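Report on the structure
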Amino acid sequence: MPITKEQVNQIIASHAIVIFSKTNCPYCKIAKQVFDNLQKEYTAIELNERDDGVEIQTILGEMTGARTVPRVFVNGVCLGGGTDIKKLYDNGELQKMF
């Protein structure tokens, strides 16, 4: 049975930080490194390791307006991708969200 938007929303709601990622993506590595630097635990959903990864990526595209990875959610809000997270971290805005 294909994954639904409701199930994707449940994943996002169940964790403070969710990174929809691919293991071979350099921008995903940037986003994870930021949270590692902050010593913040995150849940990484590796789309390239899941049978429903393409469906999740399509749902995220509908939800956020972008299909690219990573798609990073903090407290249920999509903050964007790897360069967005790095910029928020560099200017101190990301740290204020915790």
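What counts, and at which threshold
- Residues numbered from 1 in each chain as written.
- Predicted model: local features only at pLDDT ≥ 70, side-chain atom pairs only at ≥ 80, totals over all residues.
- Heavy atoms only, no water.
- UniProt positions renumbered as here; feature names shortened; annotations may be inferred.
- Core = buried A, V, L, I, M, F, W, Y, C linked by side-chain atoms within 4.5 Å.
- Buried < 20%, exposed > 50% of the residue type's maximum accessible area, 1.4 Å probe, protein only.
- Helix = DSSP H or I, 4+ residues; strand = E, 2+ residues; numbered from the N terminus.
- Contact = heavy atoms within 4.5 Å.
- Pairing = 2+ DSSP bridges.

If you look the chain up in an unreviewed UniProt entry, it shows as Glutaredoxin-2, mitochondrial from Eufriesea mexicana. What UniProt states about the chain under its Sequence similarities (unreviewed entry) heading is, verbatim, "Belongs to the glutaredoxin family." The UniProt entry for the chain carries this comment under Subunit (unreviewed entry): "Monomer; active form. Homodimer; inactive form. The homodimer is probably linked by 1 2Fe-2S cluster."

1. Digging into the nonpolar core
Ranked by size, the top nonpolar core spans 15 residues in total, and within it Val8, Phe20 and Ile56 carry the most contacts. Elements that contribute at least two residues to this core include exactly α1 (5-13), β1 (17-21) and α3 (53-64). If we ignore the near neighbours within four places in the chain, the residues touching Ile56 are Ile3, Val8, Phe20, Leu47 and Arg50.

2. Looking at the pairing of strand β3 (residues 71-74)
With burial as the criterion, each face of β3 is covered, one bearing Arg71 and Phe73 and the other bearing Val72 and Val74. Taken together, the four bridges between β1 and β3 define a ladder with antiparallel strand orientation. Within the sheet, the bridge partner assigned to Val18 lies in β3 and is Phe73. Following β3, the chain reverses through two residues before pairing antiparallel with strand β4 (residues 77-80); Asn75 in that reversal takes a positive phi of roughly 50 degrees.

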